[in-house]
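Chain residues, written in single-letter form:
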Amino acid sequence: MVKRIIPALCALLVLCGTGCSDGNDSSSFSSSQAEESPESTAVSSAADSSKAETVPARTVGEKLKAVYDIISSGSYTFEIELTGTNVPETIEITRIVSGEDSYQLQQEKLGNHGTVSFSGKSFDFDYVCGMYRENAEPPQPGMIEQIVKGNVPRTDAAAVSPENGCDCEQYTYTGDTFITVIDFFFDKSDGHLVKYTTAYSVEGRDDIIETRTVKKLEKGADTSVFNAYFADTPVNFDTMSEPQRQGFCQGLCATWGVTADEMFRLGVSSDSFGKIDYDTLFTLIHTYGKHRTPAGDSSVSGDESSDSSDESAESTEDSSESSDSTESAAESSEESSEE
């Protein structure tokens, strides 16, 4: 869950991502969407040790540069599959860019959501909740763009587990309290990008590992996706009155089986639905929504709640940590997505 693969990146970085979710993950290396945790001596020590062993190169590798050339061409199509320790089920992400116009669709367990920018306007749409909104924030650059433009240090990939028929380039962003390591794997024969893995290390939390397997990366874009068709069925969330929003949210929770206890974990209740914002509702439904068994189907449905959430969820050991984990998970889902 790649709202902005990098999103999760962005969150942990301000940062890359991200995205993730790109095929290009929307995240930003200046600082991701990093929920800063207390300074980590373990992380700092690791960074100091790494610097002592080798001086990171500030120049981008030839193979990643070739990928960046496609992305910076002004018109490209990027399709990836996102998996990871924080991703309960595989997420399919498609990103299409043509000049100033862009389109990203994430296909997840409950359904699809995405973003589209055209004619100078940007919109978020979510077919799971059946809603959309205009977004004043411009689309964020993907992970690969941020690495190249931000001169993220290239580090020694010698310790990376070898992949059959692949070469590896590694890039490491070191923050005050976290380290993000991205390993890119390229086909030895023609140099095309096969996949890239991202490891986020923050003190006091389990490492988050995400893998983006590239299905397609090529110049050229199907410009037919840059339109307002996404608004044909969903409702404009921002134009609903409080009573309309109240009923809309209650209906969604009933449809997707979201309980009062799950609402409480996110700090909301059915009484507050009239004032809920788009992002919180998105997080609530995509985190706790459950598949339903179609009428007449006697088979057992997989309707466990997605506890680990879509985007960069961490383990929930108590109710207060659960709320933090849930919010970062949803960001990953939107961005993860992300490329």
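Look up: the structure comes first, before these words.
A brief look at the structure comes next. Remember, it's a predicted structure, so these values are computed and weren't measured experimentally.

### Structural notes on the nonpolar core
Reasoning step 1: Counting residues in hydrophobic clusters, the biggest one holds 29 residues, and the most contacted among them are Leu64, Phe78, Ile144, Ile147, Phe184, Leu193 and Tyr196.
Reasoning step 2: For this core, the secondary-structure elements that each account for two or more residues are helix H3 (62-71), strand S3 (75-84), strand S4 (87-98), helix H4 (143-149), strand S10 (166-174), strand S11 (178-187), strand S12 (193-202) and strand S13 (208-219).
Reasoning step 3: Apart from the residues lying within four places of it in its own chain, the contact partners of Leu64 are Ile144, Ile147, Val148, Glu169, Tyr171, Phe184 and Phe186.
Reasoning step 4: Core analysis: the next-biggest nonpolar cluster, separate from the first, contains 23 residues, Phe237, Leu252, Trp256 and Phe273 among them.

### Observations concerning the pattern of salt bridges
Reasoning step 1: Per the counting criterion, the structure on display carries 12 salt bridges.
Reasoning step 2: Note that Asp279 is salt-bridged to Arg133, the shortest N-O span being 2.9 Å. With Asp279 in helix H7 (residues 278-288) and Arg133 in strand S8 (residues 131-134), the pair connects residues that are 146 residues apart, well separated along the chain.
Reasoning step 3: Given the relative accessible area of 30%, Asp279 is considered partly exposed.
Reasoning step 4: Here Arg133 falls in the buried class, since its relative accessible area comes to 13%.

Rules and cut-offs
- Residues numbered from 1 in each chain as written.
- Predicted model: local features only at pLDDT ≥ 70, side-chain atom pairs only at ≥ 80, totals over all residues.
- Heavy atoms only, no water.
- Core = buried A, V, L, I, M, F, W, Y, C linked by side-chain atoms within 4.5 Å.
- Buried < 20%, exposed > 50% of the residue type's maximum accessible area, 1.4 Å probe, protein only.
- Helix = DSSP H or I, 4+ residues; strand = E, 2+ residues; numbered from the N terminus.
- Contact = heavy atoms within 4.5 Å.
- Salt bridge = Lys/Arg side-chain N within 4 Å of Asp/Glu carboxyl O.

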